[in-house]
Amino acid sequence: MPSRGIIFNYIKSLFSRQKKTKKQPLVEQETLNVKQERRIKAVETQSKSKRPVANFSEQPERSAKKSKKNSDLPSHLLHKKFTVNAGHYDITPKAFPKNALAIVEKLQRAGLEAYVVGGCIRDLLLGHKPKDFDVATNAKPEEIQKIFGRQCRLIGRRFRLAHIVFGRDIYEVATFRADHASHSSDKISKVSEEGMLLRDNVYGTLREDAERRDFTVNSLYYDPKHNLIFDFFDGIADLKASKLRLIGDPVVRYQEDPVRMLRAVRFMAKLDMFLDKPSDAPIRELAHLLKNIPAARLFDESLKLFQSGQGLKTYQLMRQYGLFEQLFPVLVPFFTEHNDSNAERMLSKALSSTDERIRDNLRVNPAFLFAALLWYPLREKMELLKNEGGLNSHDAMMLAANDVLAESCKAIALHRRHTSVIRDIWALQFQMTKRSGKRPQQTLEHVKFRAGFDLLVMRAEIEGGDLVELSAWWHEYQFSNDTQRMEMLKAVRNVPNFAGEEKKKRRRKTFRKRKPVKKVSAE
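No experiment lies behind these values; they were computed from the predicted model shown. (Residues numbered from 1 in each chain as written. Predicted model: local features only at pLDDT ≥ 70, side-chain atom pairs only at ≥ 80, totals over all residues. Heavy atoms only, no water.)

Caption draft 1: How the structure looks around the packing of helix H16 (residues 342–359) against helix H17 (residues 366–373). Between H16 and H17, the shortest axis-to-axis distance is 9 Å and the interhelical angle comes to 165°. In this view, H16 runs roughly antiparallel relative to H17, as classed from their interaxial angle. Read as a crossing pair, H16 and H17 show a hand that is right-handed. Here Met346, Leu347, Ala350, Leu351 and Thr354 of H16 come into contact with H17, specifically with Leu369, Ala372 and Leu373. (Axes fitted to C-alpha atoms, helices over the stretch in contact; angles between N-to-C directions. Helix = DSSP H or I, 4+ residues; strand = E, 2+ residues; numbered from the N terminus. Parallel < 35°, antiparallel > 145°, perpendicular 65-115°, else oblique. Left-handed = near helix turned anticlockwise from the far one by under 90°. Contact = heavy atoms within 4.5 Å.)

Dropping the structure here:
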């Protein structure tokens, strides 16, 4: 037993010696290192005092390092002076659709930047209900497609975009754009001789994308993660002042995309804002540039202009800036100094009626609006064909409709589904003058009777005369029962032919004389 205790104590002493020997040199090294660092610092301070002149060759390296550090910072810290707490304006993530927030979150989880952007932020700040929720990101369209898979569709050549589909809802996701000065490739950026952007696929940063936006009030970005609004160009201040201001040189920006002139007018009417003088001055001189815009795009813009609920006000502003003539050159000969021609009165009535229907949440058919706008050019063309060619009303109407619609489609590409309805509405104006036999019932059963009747009422309010009696007769006829309709038809037989319309002459039946059959004699 004692021998075991001695051996145990001896082993214990050996381990304790090893620990002490290990600790001693570490302490010595630490003290040495501290002393060496103090000496090095002292030498550096002496050398700095001896060399007061800075070494400028090292500055680019330092600035590059700083820019790298800045680029690594998240945007809410990098652009902190341009951020505003959205909570001050009662804007929270609850104000946005779940699908829009899901797109932003999914892109951010993939290590990318993503923000809700544009008109929806503007509308929320104004207390309006937004219609569209767009997203901007630093991800390229191909990267977006990889992240969302089949849910994503890439569209556009001039301006490459991604559409993310959630059932019937489609969300537009755009990549941050940058200036075109540093790129010369036609595949990425292309500019026409007149300065219009033919291809705009130069990608950039958040700040560069804000510079590429059209108006300051649309250059607002919302970060749902931090509940912040990025406002690089005082867009919120412009909203408070009801001021519409272009970002950059207005002449250059209008040349890049002439549709911005139409957007300016639309926002002025819709949001009840005024255009600042630098943005206002060049519009009349540059209005002709709209002729370079594809007709299909101008048709889409015309629907936004006249179906926003402020169509009449928009039309008046377009006339003021000389923009309406570019979209509807067919109507130019009918414009007068005092805006009192039948065509101009029809424009005002049709647009005010459309505005009322939109306010009452009623359905609006673009075909009816265009049928009303182009009615008087059609009538003039018809009279010309009847006088020169001696055609009847039906044939003259068909030929005149072809000419007027073909001329209109050069400026705004009316869809075929609309042109067919326009023709039906015009044809009904002449069918309604025929009130004998089965024709009234056939006219009443026409699919577009209601639209045709509405145009007839507008014509009666403008022209008066026999049209007032005709529109009143059709109003009573459509709400009468069968016996009342029979009495109305009997009463109308004694009324002379309406508005000098020629009565259709019956063709005289001609009978061919049968050749006498030769009798063959049987031999």
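Structure's up, so let's keep going.
Caption draft 2: How the structure looks around the sheet that holds strand E10 (residues 228–231). Judged by pairing direction, the sheet is mixed, and its 8 strands sit side by side in the order E1-E10-E9-E2-E3-E6-E5-E4 without closing on themselves. Both outer strands of the open sheet, strand E1 (83–85) and strand E4 (152–155), are each paired with one neighbouring strand and no more. With direction set aside, neighbouring strand axes in the sheet form an average angle of 35°. By the bridge criterion, 2 bridges tie strand E2 (residues 114–117) to strand E9 (residues 220–223) in an arrangement that is antiparallel. Bridged to Val116 within E9 is Tyr222. Those strands touched by helix H4 (residues 98–109) are E2, strand E3 (134–137), strand E5 (161–166), strand E6 (169–175) and E9, and its axis lies near 35° from that of E6. Most of the contacts of helix H6 (residues 141–148) go to E4, to which it runs at about 160°, and overall it touches E3, E4, E5 and E6. (Pairing = 2+ DSSP bridges.)

Caption draft 3: Representation of the environment of Lys313. Along the polypeptide, Lys313 turns up in helix H14 (residues 311–321). Between the C-alpha atoms of Lys313 and Met268, which are 45 residues apart in sequence, the distance is 9.1 Å.

Caption draft 4: Structural context of the nonpolar core. Judged by nonpolar contacts, the single largest core of 103 residues is most densely connected at Leu323 and Trp426. Per-element tally for this core: the top contributor is helix H10 (residues 259–271), with 9 residues. What Leu323 contacts, discounting residues up to four positions off in sequence, is Met261, Leu262, Val265, Ile283, Ala287, Leu290 and Met318. Counting 14 residues, the second largest nonpolar core, distinct from the first, contains Phe449, Trp474, Leu489 and Val492. (Core = buried A, V, L, I, M, F, W, Y, C linked by side-chain atoms within 4.5 Å. Buried < 20%, exposed > 50% of the residue type's maximum accessible area, 1.4 Å probe, protein only.)

Caption draft 5: Representation of the pattern of salt bridges in the model. This model, assessed by the stated rule, comprises 19 salt bridges. Between Glu344 and Arg319 there is a salt bridge, and its shortest N-O distance comes to 3.4 Å. Note that Glu344 is positioned in helix H16 and Arg319 in helix H14, a separation of 25 residues in sequence. Grouping residues by exposure puts Glu344 and Arg319 together as buried. A salt bridge links Glu383 to Arg379, with the shortest nitrogen-to-oxygen separation between them at 3.7 Å. (Salt bridge = Lys/Arg side-chain N within 4 Å of Asp/Glu carboxyl O.)

Caption draft 6: The pairing of E4, seen in detail. Pairing analysis gives 4 bridges linking E4 to E5, with the strands arranged antiparallel. Of the residues in E5, the one forming a bridge with Arg153 is His163. Connecting E4 to the next strand, E5, in antiparallel fashion are 5 residues, including Gly156 with a positive phi near 85°.

Caption draft 7: Structural view of the packing of aromatic side chains. Taken as a whole and assessed by the stated rule, the structure comprises 23 aromatic pairs. Taken together, the ring pairs in this structure connect Phe299, Phe306, Tyr315, Phe324, Phe328, Phe335 and Phe370 into an aromatic cluster. One cation-aromatic arrangement involves Arg207 over Phe82; the distance from NZ or CZ to the ring centre is 5.0 Å. One Lys or Arg, Arg485, reaches over the ring of Tyr477 and ends 5.0 Å from the middle of that ring. (Phe/Tyr/Trp six-rings, centres within 6.5 Å; stacked < 30°, edge-to-face > 60°. Lys NZ or Arg CZ within 6 Å of the ring centre and 35° of its normal.)

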